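Descriptive analysis of the structure
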Amino acid sequence: MLDCGLDMTSTLNFLPLPLVQSPRLSKLPGWVLKDGSMFLDKELKECSGHVFVDSVPEFCLPETELLDLSTVDVILISNYHCMMALPYITEYTGFTGTVYATEPTVQIGRLLMEELVNSIERVPKAQSASMWKNKEVQRLLPAPLKDAVEVSMWRKCYTMPEVNAALSKIQLVGYSQKIELFGAVQVTPLSSGYALGSSNWIIQSHYEKVSYVSGSSLLTTHPQPMDQASLKNSDVLILTGLTQIPTANPDGMVGEFCSNLAMTVRNGGNVLVPCYPSGVIYDLLECLYQYIDSAGLSNVPFYFISPVANSSLEFSQIFAEWLCHNKQTKVYLPEPPFPHAELIQTNKLKHYPSIHGDFSNDFKQPCVVFTGHPSLRFGDVVHFMELWGKSSLNTVIFTEPDFSYLDALAPYQPLAMKCVYCPIDTRLNFIQVSKLLKEVQPLHVVCPEQYTQPPPTQSHRTDLMIDCQPPAMSYRRAEVLTLPYKRRYEKIEIMPDLADSLVPLEIKPGISLATVSAVLHTKDNKHLPPKPPQPPASKKRKRVSDDVPEGKSLKPLLSGSIPMDQFVQTLEKHGFSDVKVEDTAKGHIVLLQEAETLIQLEEDSTHIICDNDEPLRVKLRDLVLKFLQKF
Amino acid sequence: MPEIKVTPLGAGQDVGRSCILVSIAGKNVMLDCGMHMGYNDDRRFPDFSYITQNGRLTDFLDCVIISHFHLDHCGALPYFSEMVGYDGPIYMSHPTKAICPILLEDYRKITVDKKGETNFFTSQMIKDCMKKVVAVHLHQTVQVDEELEIKAYYAGHVLGAAMFQIKVGCESVVYTGDYNMTPDRHLGAAWIDKCRPDLLITESTYATTIRDSKRCRERDFLKKVHETVERGGKVLIPVFALGRAQELCILLETFWERMNLKAPIYFSTGLTEKANHYYKLFITWTNQKIRKTFVQRNMFEFKHIKAFDRAFADNPGPMVVFATPGMLHAGQSLQIFRKWAGNEKNMVIMPGYCVQGTVGHKILSGQRKLEMEGRQILEVKMQVEYMSFSAHADAKGIMQLIRQAEPRNVLLVHGEAKKMEFLRQKIEQEFHVSCFMPANGETTTILTNPSIPVDISLGLLKRETAIGAAPDAKKPKLMHGTLLMKDNSFRLVSPEQALKELGLAEHQLRFTCRVHIQDPRKEHETVLRVYNHLKGILKDYSVQHLPDGSITVESILIQATAHSEDQGTKVLLVSWTYQDEELGSYLTSLLKKGLPQSTP
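If you're wondering where the values come from, they're calculated on a predicted model, not measured in any experiment.

**A word on the overall build of chain B**
When its secondary structure is counted, chain B shows 17 helices and 30 strands. Counting over 600 residues, chain B shows a buried share of 57%. For chain B, the share of sequence-separated contacts (at least 6 apart) that also reach a separation of at least 24 residues comes to 70%. Counting only carbon and sulfur atoms, one obtains 50% of the accessible surface of chain B, whose full area is about 25,200 Å². Each charge sign in chain B was given a centre, from 73 positive and 68 negative side chains, and these centres are 7 Å apart.

In structure tokens form, the structure reads like this:
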């Protein structure tokens, strides 16, 4: 199984979880059906024309019905965003295999899960709505609730013990490490350049190579650059995790981010940056590190609020081996690879586990706050939205591309606060994809259906799709795709003693052959070196001709033809004095008159017709065989 | 016969200046490039002229691998690459790459600035040398060229220490460098998978020692330090700046905290803070416990341990001082030792191995009157204690590693000849593998017997597996195929495919025998009797009665006709191809014996 991501856009259908009782949210009117029936007004609330479920937010899981997950042997994880559904899979589906991921992926993935669990668990919600999920009821609801897929499969968030159990099933791997799976295939993670420890995977046998390219970046940010060379010569390249915002240039967005931030703060407003606790935030902090002095922001406090803020900042400094070259060389000095260490030291950046505790004492405005969750449905960000939403001095800047910012803001409307959308998505865009494909030249490309056509909202932009030859094969949710290649050879090893016993024969110039009869052992999907067949053990009693021959003894195929004159000479040499030859349409018939035996010789066949005299037959057989090549 | 050749240029029946040449399948690899602490002349570096007399080293060596940052493993590297001249790749782990240049610079300073030697490598040479270094991750398979690949394994010992597997085709060598099979307070234990190398080159510093539990040694150490401090004495612990020092610091720090002790602990070198910083940044290379808790509490931030100033040595009252270098052969540790040696209240604790010729080695072997520079005699009255904290595998650990890796041959380096000899016998007895211990400059040749990789067509593989037909997959299967050899490629295919590819036709060899059977019944009844008879005997074969009146056993055809003269005799024509020879021959002889009297 390749990756194990969680669809969190489902949470956008729910009301935000406020940290402190929000009078605004609690006073929202219940939603009433057009015919006036009231039975859903406890579960569904209306806000500025949108309907939300008033319940603990739920997530949309990967498809688990299509196949029996206990038959999945291995899960390969490409980056920490793509493992968020892992506890659901490892704890509730009968999956007993191994999960492979790099160390930073696991550590940061753990932080993301911890933050998720924490922000949902600390706001216990009494209500868990389920009535609206009834198919008959859902049909009557307004969009987008009406169109939400698989709502019956939506699940509440997992717990920390489940997270720990899931993570304990992960086997850590390093880039370019070759991992043998059951002797059948070898998998290798390669740097994908997108995030700390993010990987593409190569799945290969001796003759077949499948590359799984997921969430890759060619831009120079903090992670190690993408390893493209190792993707060459793929039979199949599975391509996914391209940028969500193909039209936005990440560099331009960072510039816009900085200038909007500066403008707001200069005007005395606060800036809210909803974000994940790891990833782009490191790059943003690095930009700000260079920017704040020149922009005259040195006195503005930057707050990073997350239950895992400290861990995330600390972890980022110890994965030097997974960072780009510049950052790696810093460690040799030895200096911390990221400049946010200095921001913390100089008190420009402060981090807190939550808005409670120390933060409330230190809190000074105007300020810049980085906090989660980017969906604006849970986490400390909900508090700041409620707090700052009413003032047009303040700005919320969206940098994470996973959620539509309009949908994210919907339950906070009407809103006075300024909203700026600067999505920073460093993953491959379509221009980079075609460059990459030209470079690595896979035989076939496989990708999700969306990438093979322009985005529905911009159907004229034919440049926003994958263009390659032969055309990419696409797949959809719950669709089975057969890959177009056939396996023809496998590798085995021949032991030296068997090799010694072979007698090669040169058939044509430069081509030799030898017949091999050997015992093949198969163990762990590996075909062990074949050994020469053992002569029957002496203990075993000699086979009496009465016994039925055991099994099928394999005789070689024959080839060649028998030269008439030489054959007759040979027969005469062996004491047959009455050889008589008759010509036929296709060859000859050799008659041994006394022995009442007849040999038909033709170009590609020999037929010995011999009655009642087994020793004679065997003798003739061996004479014939001398003229033929064995295969 | 393919062979692997190994020649130690250093560390052959000796500890110091590790440098081992390995030739494997036409590739030449140099393992480590160390200096010898016991010598100050030419002997301190390996004799690189052995590698090649007039050619360039770069042409001869495919790569150089450095196992860890200790100078006896990397101290000659700038001399080798910049002064002798080598421009090929040098591989080492990230922490080694980070720390190695600092120790080299330190070594250069002591040699050139303090001892005034000329003709030594310069700071610039260290920098240029490090530019040739390629850093490797643990378990990453590094392709040095098309055929040669190397892979690093965790070795414990010091931060960033690695064992290396060197592999060409099916042949492989594992070099351990220095390693430790028991986790300590800051590092984990060495680990390798069952990679079954043709040769394992292992260090054998503690070839004959079996150490008691780490806990006992730690308790012992703390007790001795504590007692000395209690009676007002000073404790000198000579260490190398990185490695053991951090482990002992963690140990003393926690002890001081627990016992609420006040005596000062000093660390003598400016390197310390920097060193601890390396440990913080490379925390992924430390042990699990430290890695797990580093966010809450970084073990390498010490409260009780302060920087040492030269003047402190004369302060009255108890103190504990960590000073470099670890073998008391030069520098600050030796200076402090000379100051304190005369007082029996004081104590020096040697926590690691000392090379012959160093002051450390002398006092450990019981010498109490030392001749210093200028013929001055130093009388040692202070207590001298030895505690093995050096993180080398002991005999038990070495055996454990051999068990893990399952090598076909073992070669010992980095140890003393006598001890090696003992271990060699033990290894040969227990594992029944050859064990070698070449001296410096002596070449050991190991014959390998590599298998020949062959491509087998899936058609043949599947067919052979199907004939076995049994669900019992473990049962060996007889395989018959044709090996096609063309332009150095080997392919094993089915005989049919071989014929087809070569454009040859099959020659069919067929036999027909007439068997007479006395049976007065009608032809088809005779056939039925024959059918039942065969069916009864040949249970494992497919015996069929065809509508046209003939019988087949597998591909053998049996037809019956009445005898032209004698109606009571039926003639059975048995016809088979050469491929069914055994069965055909058996059938004719069976039928010749006639049919049983009554058909069941």
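**Re the side chain of S55 of chain A**
Residues and elements named next belong to chain A. Following the sequence through the fold, S55 ends up in the loop between β2 (50–53) and β3 (58–59). A distance of 3.1 Å separates a polar side-chain atom of S55 from the backbone nitrogen of A129. Apart from the residues within four sequence positions on either side, S55 is in contact with F14, K125, Q127, S128 and A129.

**Some remarks on the sheet that holds strand β12 (residues 234–238) of chain B**
All names here are of chain B. In space, the 6 strands of this open sheet follow the order β14-β13-β15-β12-β16-β19, with parallel pairing throughout. The open sheet is flanked by β14 (305–307) and β19 (383–386), the only strands paired with a single partner. The mean inter-strand angle of the sheet, taken between neighbouring strand axes irrespective of direction, is 25°. Sheet topology note: the β12/strand β15 (residues 319–323) ladder contains 5 bridges and is parallel.

**Observations regarding the nonpolar core**
Grouped together as the largest cluster of nonpolar side chains are 273 residues, with contacts concentrated most on F370 of chain A together with I201, F221 and F337 of chain B. Not counting residues up to four positions away in its chain, the partners in contact with F221 of chain B are I237, L248, L251, L252, I349, M387 and F389 of chain B. If you look at the next biggest cluster of nonpolar residues, it comprises 47 residues, including I599 and C610 of chain A together with I551 and A560 of chain B.

**Some points on helix α15 (residues 495–502) of chain B**
All names here are of chain B. Within α15, burial applies to P495, A498, L499 and L502. Axial view of α15: buried residues confined to an arc of 100°, hence all on one face. G503 sits one or two positions beyond α15 and adopts a positive phi of about 70°.

**Considerations on the side chain of N270 of chain A**
Residue and element names in this part refer to chain A. With respect to the secondary-structure elements, N270 resides in the loop between α6 (250–266) and β13 (271–274). Residue classification places N270 among the buried residues on the basis of a relative accessible area of 4%. A polar contact of 2.8 Å, which involves the side chain of N270, links it to the backbone nitrogen of C367. Filtering out sequence-adjacent residues up to four positions away, N270 remains in contact with T264, Q365, P366, C367, W388, L393, N394 and T395.

**Things to note about the packing of helix α3 (residues 77–85) of chain B against helix α5 (residues 123–131) of chain B**
Between two packed helices, the angle of one axis relative to the other and the distance separating the axes together describe the packing. Residue and element names in this part refer to chain B. The N-to-C vectors of α3 and α5 enclose an angle of 90°; their axes lie 9 Å apart at closest approach. As the angle between them shows, α3 and α5 are arranged roughly perpendicular. Contacts from L77, P78, S81, E82 and M83 of α3 reach α5 at M125, I126, D128 and C129. Taken together, the residues that form the contact of α3 with α5 break down as 6 nonpolar, 1 polar and 2 charged.

**Some remarks on the interface of chain B and chain A**
Opposite the 86 residues of chain B that make contact, chain A presents 93 residues. Together chain B and chain A conceal approximately 8,100 Å² of surface at their shared face, both sides included; 58% is due to carbon and sulfur atoms. The largest contributions to the chain B side of the interface with chain A come from L281, H507 and Y578 of chain B, which together make up 10% of the buried area. Counting the contacts that link chain B with chain A gives 3 salt bridges. Between E581 of chain B and R617 of chain A there is a salt bridge, with the nearest N and O atoms lying 3.0 Å from each other. Where chain B packs against chain A, one counts 23 residue pairs in polar contact (both at pLDDT 80 or more). A total of 10 residues in the side of chain B that touches chain A trace back to one element, the largest contributor, which is strand β24 (residues 477–486) of chain B. In the side of chain B that touches chain A, the residues fall into 42 nonpolar, 23 polar and 21 charged.

**Topic: the domain arrangement of chain A**
Split by domain assignment, chain A resolves into domain 1 (1–173), domain 2 (185–242 + 427–478), domain 3 (250–421) and domain 4 (558–630). On a C-alpha basis, the centres of domain 1 of chain A and domain 4 of chain A stand 82 Å from each other.

**Concerning a nonpolar patch on the surface**
Together, L481, L483 and Y485 of chain A make up an exposed nonpolar region whose accessible area comes to about 210 Å². Considering the arrangement of structural elements, one finds L483 of chain A in the loop between β20 (473–475) and β21 (489–494).

**Some thoughts on the UniProt feature "domain: Beta-Casp" (unreviewed entry) in chain A**
In this structure's numbering, the residues bearing the UniProt feature "domain: Beta-Casp" (unreviewed entry) are residues 281–409 of chain A. Along residues 281–409 of chain A the backbone is 40% helical and 12% strand, and the end-to-end C-alpha distance reaches 21 Å.

**Focus: the packing of aromatic side chains**
What the rule picks out here adds up to 38 aromatic pairs over all chains. By the ring-pair criterion, three or more aromatic residues cluster together here, those being F45, F48, Y79, F80, Y86, Y107, F120 and F121 of chain B. Its guanidinium or amino end placed over the ring of F511 of chain B, R617 of chain A lies 4.8 Å from that ring's centre, counting from NZ or CZ. Here R44 of chain B stacks its cationic end above the ring of F45 of chain B, 5.4 Å away from the centre of that ring.

**Details of the pairing of β13 of chain A**
All names here are of chain A. Side-chain alternation along β13 places V271 and V273 on one buried face and L272 and P274 on a second face that is also buried. Where β13 lies against strand β16 (residues 368–371), 4 bridges are found, and the strand directions are parallel. What sits directly across from L272, in β16, is V369. Where β13 meets strand β17 (residues 395–398), 2 bridges bridge the pair, whose relative direction is parallel. Across the sheet, V271 pairs through a bridge with T395, a residue of β17.

**Side note on the packing of helix α6 (residues 214–230) of chain B against helix α7 (residues 244–259) of chain B**
Residues and elements named next belong to chain B. For the pair α6 and α7, the least separation of the axes is 11 Å and the interaxial angle reads 60°. Judged by the inter-axis angle, α6 sits oblique to α7. Considering only the axes of α6 and α7, their crossing is right-handed. For the pair α6 and α7, contact is made by K214, E218, F221, L222, V225, H226 and V229 and by E247, L248, L251, L252, F255, W256 and M259, respectively. Each residue belonging to the contact of α6 with α7 can be placed in one class, and the counts come to 10 nonpolar, 1 polar and 3 charged.

**Section: the pattern of salt bridges**
In total, this model carries 45 salt bridges over all chains according to the counting rule given. Taken together, the shared-partner salt bridges connect E614, R617, R621 and D622 of chain A together with E581 of chain B into one network.

**Topic: helix α3 (residues 103–121) of chain A**
Compared with the 27 Å implied by 1.5 Å per residue over 19 residues, the 27 Å span of α3 of chain A between its first and last C-alpha is a close match. Taken across its 19 residues, α3 of chain A has 14 buried, putting it largely inside the fold.

**A closer look at the sheet that holds strand β30 (residues 605–609) of chain A**
What the 9 strands build is an open sheet, ordered β27(A)-β28(A)-β29(A)-β30(A)-β26(B)-β30(B)-β29(B)-β28(B)-β27(B); its pairing is mixed. Both outer strands of the open sheet, β27 (579–583) of chain A together with β27 (543–545) of chain B, are each paired with one neighbouring strand and no more. Neighbour-to-neighbour, the strand axes of this sheet turn through a mean angle of 20°, independent of strand direction. Here 3 bridges tie strand β28 (residues 551–553) of chain B to strand β29 (residues 556–562) of chain B, and the two strands are oriented antiparallel to one another. Paired with T552 of chain B across the strands is L557 of chain B, a residue of β29 of chain B. On the sheet, helix α17 (residues 581–592) of chain B packs against β26 (508–518), β28, β29 and β30 (569–577) of chain B and is oriented at approximately 170° with respect to β30 of chain B.

**Description of unusual backbone geometry**
Glycine aside, the phi torsion of most residues is negative, and most peptide linkages are trans. Residue and element names in this part refer to chain A. The linkage connecting L333 with the following residue, P334, adopts the cis geometry, with an omega of -5°. Summarising the element assignment, P334 is placed in the loop between α9 (325–331) and α10 (340–345). Here the bond from Q413 into P414 is cis, since omega is -5°, no more than 30 degrees from zero. As for its placement among the helices and strands, P414 is situated in the loop between α13 (405–409) and β18 (418–421). Look at D3: it is not a glycine, yet its phi comes out positive at around 70°. Of note, D3 is situated in the segment before α1 (23–26). Residue D3 is classed as buried on the basis of its relative accessible area, which comes to 9%.

Thresholds applied
- Residues numbered from 1 in each chain as written.
- Chains lettered and ligands numbered in written order.
- Predicted model: local features only at pLDDT ≥ 70, side-chain atom pairs only at ≥ 80, totals over all residues.
- Heavy atoms only, no water.
- Helix = DSSP H or I, 4+ residues; strand = E, 2+ residues; numbered from the N terminus.
- Buried < 20%, exposed > 50% of the residue type's maximum accessible area, 1.4 Å probe, protein only.
- Contact = heavy atoms within 4.5 Å.
- Areas by Shrake-Rupley, 256 points an atom, 1.4 Å probe, with all protein chains shown as cover.
- Lys, Arg positive; Asp, Glu negative; His and termini not counted.
- Charge placed at Lys NZ, Arg CZ, Asp CG, Glu CD.
- Polar contact = N/O pair within 3.5 Å; in protein donor to acceptor, adjacent residues only side chain to side chain.
- Pairing = 2+ DSSP bridges.
- Axes fitted to C-alpha atoms, helices over the stretch in contact; angles between N-to-C directions.
- Core = buried A, V, L, I, M, F, W, Y, C linked by side-chain atoms within 4.5 Å.
- Arc of directions from axis to C-beta.
- Parallel < 35°, antiparallel > 145°, perpendicular 65-115°, else oblique.
- Nonpolar A, V, L, I, M, F, W, Y, C, P; charged D, E, K, R; others polar.
- Buried area = accessible area lost by both parts, 1.4 Å probe.
- Salt bridge = Lys/Arg side-chain N within 4 Å of Asp/Glu carboxyl O.
- Domains from an automatic or database assignment.
- Patch = residues over 30% accessible without salt bridge, like charges linked within 9 Å, V, L, I, M, F, W, Y side chains within 5 Å.
- UniProt positions renumbered as here; feature names shortened; annotations may be inferred.
- Phe/Tyr/Trp six-rings, centres within 6.5 Å; stacked < 30°, edge-to-face > 60°.
- Lys NZ or Arg CZ within 6 Å of the ring centre and 35° of its normal.
- Left-handed = near helix turned anticlockwise from the far one by under 90°.
- Expected span 1.5 Å × (residues − 1).

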